[in-house]
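# What the coordinates show
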Amino acid sequence: MTTRATQLSEVEFFEGLTNAQLEGIADLCEEVSGQEGEILFFEAHKADSIYVLLEGEIHIFTQLSSRPERITMSVIDEPYQIFSWSGLVAPFYHTASALCKTDSRMWKINGQDLIQLLEIDPSLGSMVFKRLTEVISTRLRHTRVVLTEAS
């Protein structure tokens, strides 16, 4: 197994996948970096990728029209956490923005390429979309708590 596929096996989102499935996903990974203060993507803009954090800290935030400050909905600061799930879910628009709080490195995976891989291998697709619903559910519950505290 390649180094990248071995690292992907550490990603909870991809846990339990076969070596061949991990290799297929590893082929789609592009390492990118973000500088402290850089916005990786904006809420309501087109989402075309998902990300896996390698190092750094990313804040997922929203800007409410009723408040002047940004509200941080989630902090991605542990290696191998995924974010930007909107790159896998129609209509493919970000539901929040992402800010690099520190210099960060991550893998960027093109959402459409990953979807094609998932369609070719239904067991992979089933596993990934099951995990995706878990991520969305967890983030939705956390967002509800944050917004309740902000009001």
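See the structure printed just above.
Residues numbered from 1 in each chain as written. Predicted model: local features only at pLDDT ≥ 70, side-chain atom pairs only at ≥ 80, totals over all residues. Heavy atoms only, no water.

## What to know about the overall build of the protein
- Regarding its fold elements, the protein presents four helices and eight strands.
- Ordered by position in the sequence, the α and β elements of the protein form the string α-α-β-β-β-β-β-β-β-β-α-α.
- Relative to the 2.2 N^0.38 estimate, which gives 15 Å for 151 residues, the radius of gyration of the protein is 15 Å and therefore close to what a compact globule would have.
- By the burial criterion, 41% of the 151 residues in the protein qualify as buried.
- Counting contacts in the protein only where the partners sit at least 6 residues apart, residues at least 24 apart contribute 75% of the total.
- For the protein, the exposed area adds up to about 8100 Å²; of that, 51% sits on carbon and sulfur atoms.
- Computed over 12 positive and 22 negative side-chain charges, the separation of the two mean positions in the protein equals 7 Å. (Helix = DSSP H or I, 4+ residues; strand = E, 2+ residues; numbered from the N terminus. Rg over C-alpha atoms; globule rule 2.2 N^0.38 Å. Buried < 20%, exposed > 50% of the residue type's maximum accessible area, 1.4 Å probe, protein only. Contact = heavy atoms within 4.5 Å. Areas by Shrake-Rupley, 256 points an atom, 1.4 Å probe, with all protein chains shown as cover. Lys, Arg positive; Asp, Glu negative; His and termini not counted. Charge placed at Lys NZ, Arg CZ, Asp CG, Glu CD.)

## Let's talk about unusual backbone geometry
- Geometrically, the link from Ala90 to Pro91 is a cis peptide bond, its omega value of 10° lying close to zero.
- Within the element layout of this structure, Pro91 appears in the loop between strand S6 (82-83) and strand S7 (97-100).
- Positioned with a positive phi, Ser84 is a non-glycine residue whose angle comes to about 70°.
- Position of Ser84 relative to the elements: it lies in the loop between S6 and S7.
- Overall, the relative accessible area of 6% leaves Ser84 in the buried class.
- Phi at Phe92 is positive, roughly 65°, even though this residue is not glycine.

## Focus: the nonpolar core
- Ranked by internal contacts, the top residues of the largest apolar core, which has 26 residues, are Leu8, Phe13, Phe14, Ile25 and Ile109.
- Going through the elements one at a time, helix H1 (3-8), helix H2 (19-26), strand S3 (49-55), strand S8 (104-110), helix H3 (111-120) and helix H4 (122-150) are the ones with two or more residues in this core.
- With four residues, the single largest contributor to this core is H4.
- Ignoring anything within four residues of it in the chain, the contact list for Ile109 reads Phe14, Ile25, Leu28, Cys29, Asp48, Ser49, Ile50, Val52 and Leu114. (Core = buried A, V, L, I, M, F, W, Y, C linked by side-chain atoms within 4.5 Å.)

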